[in-house]
Amino acid sequence: MVQKSARPYIFINSAMSADGKLSTFERKQVKISGAADFERVDELRAGSDAVMVGIGTMLSDNPSLTVKSEDRRKARVSKGLDENPVRVIADSFARTPTDADIFKKGAGKKIIVVSRCAPREKTDALSRLPDTKVIFAGTERVDLEEMAVLLKNEGIERLMVEGGATLNYGLISAGLADELMIFVGNMIIGGKTAPTFADGDGFPEEGIKKLELTDFEKIGDGILLTWKVKNE
């Protein structure tokens, strides 16, 4: 396990339905939280060095991952920072489209983390985009531990993760997630194939990850739960 001092502080922020779903079985994004929670998320982004999603979220939602508030962007600039945190995509095979919104909306750096078997023509195309860097971690898939060390070397101390389910599970199972902030909304989505907060292979009974509840807050018709991940 990578020592905490060798990697960023990593927290996962997510919104899920009361039955633990991130979206429908069609992988269509659902508005689970409201305006108050959107403001909270924007504040978290503004206070982070980088924001990361996995390639599944990138392809299904095409998020810009920008700070929406002009005041928060100005506050970052006044501190000598870019308007937006570094935007990071975990993308084993370099499938991130070169016309994705992260390349078109908002100023700031982008990092695409790929495996060493990603097609050269795709990594070259991404590398040519303005303010974009491709880094290699892992042979056949992105090695999340290696990635975490490389991101620390890029000056990233506080990393916010916004999904999806596969990336969440990968970080938690590797002992890389320090904190979870989960907004639970007032709806049932259902569907045995709909993504949950943490998909992947799952833990055996003896390996189930334990959490410590550190805070809870009612926001609108939902509740925000904050958990510390026990990585001992």
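Our subject is the structure that appears above.
Counting starts from 1 at the beginning of each chain's written sequence and moves along it residue by residue. Totals for whole chains, interfaces and linings use all residues, but because this is a predicted model, local features are given only for residues with pLDDT of at least 70 and pairs of side-chain atoms are given and counted only at 80 or more. Hydrogen atoms and water are omitted, and side-chain values are computed over all heavy atoms in the structure.

A. Geometry of the overall build of the protein chain. In this description a helix means any DSSP run of H or I spanning at least four residues, a strand means any run of E spanning at least two, and both kinds are numbered starting from the N terminus. Scanning the protein chain from N- to C-terminus turns up 7 helices and 9 strands. Relative to its length of 232 residues, the protein chain is compact, with a C-alpha radius of gyration of 17 Å against a globular reference of 17 Å. Considered along the principal axes of its C-alpha atoms, the protein chain spans approximately 45 × 45 × 40 Å. Burial status follows relative accessibility: with a 1.4 Å probe on protein chains alone, a residue under 20% of its type maximum counts as buried, one over 50% as exposed, and anything between as partly exposed. Counting every position in the protein chain, which comprises 232 residues, the buried fraction comes to 49%. Any two residues having at least one pair of non-hydrogen atoms within 4.5 Å are treated as being in contact. Sequence separation of at least 24 residues holds for 67% of the intrachain contacts in the protein chain that already meet a minimum separation of 6. Residue burial considers only the protein chains on display, and all accessible areas are found by Shrake-Rupley using a 1.4 Å probe. Surface exposure of the protein chain reaches about 11700 Å², of which carbon and sulfur atoms provide 51%. Our radius of gyration is a C-alpha quantity, and the globule rule it is checked against amounts to 2.2 Å times the number of residues to the power 0.38.

B. Representation of the sheet that holds strand E9 (residues 222-229) within the structure. At least two bridges found by DSSP between two strands are what make those strands a pair. Spatially, the 9 strands line up as an open sheet ordered E5-E4-E3-E2-E6-E1-E7-E9-E8, and their pairing is mixed. Looking at strand neighbours, the two that pair on one side only are strand E5 (132-136) and strand E8 (211-219), the edges of this open sheet. Put simply, the sheet's adjacent strands are angled 20 degrees from each other on average, direction ignored. Pairing of strand E3 (residues 86-90) with strand E4 (residues 110-114) involves 4 bridges; the strand directions are parallel. By the bridge assignment for E4, Arg 87 is matched with Lys 110. Relative to E5, helix H6 (residues 144-153) is tilted by about 140 degrees, and along the sheet it contacts strand E2 (50-54), E3, E4, E5 and strand E6 (158-161). Only the stretch in contact is used when a helix axis is fitted, and all axes are lines through C-alpha atoms; the angle between N-to-C directions ranges over 0 to 180 degrees.

C. Representation of the pairing of E9 within the structure. Two elements, strand E7 (residues 179-184) and E9, share 6 bridges in a ladder whose sense is antiparallel. In the strand pairing of E9, Glu 179 is matched with Lys 228. The pairing of E8 with E9 spans 8 bridges and is classified as antiparallel. Residue pairing in the sheet places Phe 216 in a bridge with Leu 225 of E9. Here E8 folds back onto E9 in antiparallel fashion, the turn holding 2 residues, of which Gly 220 has a positive phi close to 60 degrees.

D. Seen up close, the side chain of Ser 33. Counting through the fold element by element, Ser 33 comes out in the loop between strand E1 (9-16) and helix H1 (35-46). Judged by its relative accessible area of 8%, Ser 33 falls in the buried class. Not counting the four nearest positions on each side in its chain, Ser 33 is found in contact with Phe 38 and Phe 183.

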